[in-house]
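One-letter residues, chain by chain:
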Amino acid sequence: MVKVGIIGATGYAGGELVRLLSMHKEAEIKWYGSRSYIDKKYASVYQNMFQIVDAVCMDDNMEELANQVDVIFTATPQGLCASLVNEDILSKVKIIDLSADFRIKDVRVYEKWYGIEHKSPQFIPEAVYGLCEINREDVKKARLVANPGCYTTCSILTAYPLAKEGIIDMSTLIIDAKSGTSGAGRGAKVQNLFCEVNENMKAYGVATHRHTPEIEEQLGYAAGEKVVLNFTPHLVPMNRGILATEYASLKKDVTYEEVKAIYDKYYADEKFVRVLEKDVCPETKWVEGSNYVDVNFKIDERTGRIIMMGAMDNLVKGAAGQAVQNMNLMFGLKESEGLEFVPMFP
């Protein structure tokens, strides 16, 4: 049984980690960390856990926690994990960080986009970017995993096969993405109030969203070239879900069958990436509450471009589900353990 500690257990991603790990046959949560609710019963914060979780919330003492568990999940704002981790802790426990602290390899890029000083850049080189479908073997050997962002997971997996095979002109790639409001976190913010979000859709972080360099870096590795792209996120009035619609010019004429074969080459054996049938567009409703990513594409012969589409649940595959998937790989467990449930509908 893998002993688990969670720092940030009362945020949306942390709460989802608790939900998933409560159903995991090979894991046991030993520490529900939450600086905001120390000594309060976890079930009083999340009433859905009444008579399921009896524990009280603890602090974020990573030094003490490292002596009690096998793996620590940090579902915290940017900067916290980097400020807490050290060599002594990493010698005792594995860490899966759900923030952006170790996702970007160039610390200068991280500090520019996030506006904070990185407190432990010495660990960036060894951190493994935890997109399981791409870095599975590296994740298995890691002691520090940088769990990808929600927008980035959907955006990267949607375009990865075509970037890897050199089918699209990466300089023309544009990503338009929509997210449910849970992606903004549980903290109280005026712009996330019901009256602000309901019956409304808006772009935000235009040309400045923090996930941009993460997407560029990872797709750059796939394409074998420096990638600069436009990424525009939008907030939509729903709880969960991300839909990414991506556009790029084709480098050559291709048929549907040729492109479908490329997607199948990379994803046919992947449990959690579903390549949809021809002309079926991904929808957030069909992946809600699950660890699945649905992807598909449409060739626009008139313009010589291809439209790539992806949908997933931002709290599961975009955060907690992917983190559990990484944990399973790190401890030699069945990769899908604790994640084998069908999407919810309606």
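For the structure, check the block above.
Computed from a predicted structure; not experimentally measured.

### Topic: the pattern of salt bridges
For the structure on display, the rule yields 22 salt bridges. Between Lys119 and Glu117 there is a salt bridge, and its shortest N-O distance comes to 3.8 Å. Taking the relative accessible area as the measure of exposure, Glu117 reaches 55% and is therefore exposed. As a salt-bridge pair, Arg143 and Glu126 come within 2.8 Å of each other at their nearest N and O atoms.

### Topic: the sheet that holds strand β12 (residues 293-300)
Strand order in the open sheet made by the 7 strands is β8-β9-β7-β10-β13-β12-β11, with mixed pairing throughout. Each edge of the sheet is formed by a strand with only one pairing partner; in this case those strands are β8 (202-203) and β11 (273-275). Pairing between strand β7 (residues 174-179) and strand β9 (residues 230-235): 6 bridges, direction parallel. Pairing of Lys178 across the sheet is with His234, part of β9.

### Some points on the nonpolar core
If you look at the biggest cluster of nonpolar residues, it comprises 42 residues, and the most contacted ones within it are Leu17, Leu21 and Phe73. Taken together, the elements giving at least two residues each to this core come down to β1 (2-7), α1 (12-22), β2 (27-33), α2 (42-45), β3 (71-74), α7 (132-140) and α12 (316-330). If you tally residues by element for this core, the top one is α12, at 8 residues. Beyond its immediate sequence surroundings of up to four residues, Phe73 is in contact with Val4, Gly5, Ile6, Ile7, Leu17, Leu21, Ile96, Leu98, Ala323, Val324 and Met327. By size, the runner-up hydrophobic cluster in this structure holds 41 residues, among which are Ile167, Ile168, Leu173 and Ile299.

### Here's the deal with the state of the cysteines
Going through the model one piece at a time under the given rule, you end up with 0 disulfides. Summary of cysteine pairing: Cys57 is not part of a disulfide, and the nearest cysteine sulfur, belonging to Cys81, is at 19 Å. Judged by its relative accessible area of 0%, Cys57 falls in the buried class. In this structure Cys132 is not part of a disulfide, and its nearest cysteine sulfur, from Cys154, lies 15 Å away. For Cys132, a relative accessible area of 0% gives the class buried.

### Examining the pairing of β9
Sheet topology note: the β8/β9 ladder contains 2 bridges and is antiparallel. Counted as the bridge partner of Ala203 is His234 from β9.

### Observations regarding the environment of Lys251
Note on placement: Lys251 falls in the loop between β10 (242-249) and α11 (256-267). Lys251 gets classed as exposed once you look at its relative accessible area, which sits at 51%. For the pair Lys251 and Gly304, spaced 53 residues apart in sequence, the C-alpha to C-alpha distance is 8.6 Å.

### Details of helix α6 (residues 107-114)
One full turn of an α-helix is made of 3.6 residues, so residues set three or four places apart face in the same direction. In this structure Asp106 caps α6, since a side-chain oxygen of it lies 2.9 Å from the backbone nitrogen of Arg108. Just past α6, the residue Gly115 takes up positive phi, approximately 70 degrees.

### Some words on the packing of α1 against α12
Look at α1 against α12: their axes get within 9 Å of each other, and the N-to-C directions meet at 45 degrees. The angle between the axes of α1 and α12 places the two elements in the oblique class. Taken as a pair, α1 and α12 cross one another with a handedness that is right-handed. Together, Ala13, Glu16, Leu17, Arg19, Leu20 and Leu21 of α1 and Val316, Ala319, Ala320, Gly321, Ala323, Val324 and Met327 of α12 make up the contact between the two elements. For the contact of α1 with α12, a count of residues per class yields 10 nonpolar, 1 polar and 2 charged.

Reading guide: rules and limits
Residues numbered from 1 in each chain as written. Predicted model: local features only at pLDDT ≥ 70, side-chain atom pairs only at ≥ 80, totals over all residues. Heavy atoms only, no water. Salt bridge = Lys/Arg side-chain N within 4 Å of Asp/Glu carboxyl O. Buried < 20%, exposed > 50% of the residue type's maximum accessible area, 1.4 Å probe, protein only. Pairing = 2+ DSSP bridges. Helix = DSSP H or I, 4+ residues; strand = E, 2+ residues; numbered from the N terminus. Core = buried A, V, L, I, M, F, W, Y, C linked by side-chain atoms within 4.5 Å. Contact = heavy atoms within 4.5 Å. Disulfide = S-S within 2.5 Å. Polar contact = N/O pair within 3.5 Å; in protein donor to acceptor, adjacent residues only side chain to side chain. Axes fitted to C-alpha atoms, helices over the stretch in contact; angles between N-to-C directions. Parallel < 35°, antiparallel > 145°, perpendicular 65-115°, else oblique. Left-handed = near helix turned anticlockwise from the far one by under 90°. Nonpolar A, V, L, I, M, F, W, Y, C, P; charged D, E, K, R; others polar.

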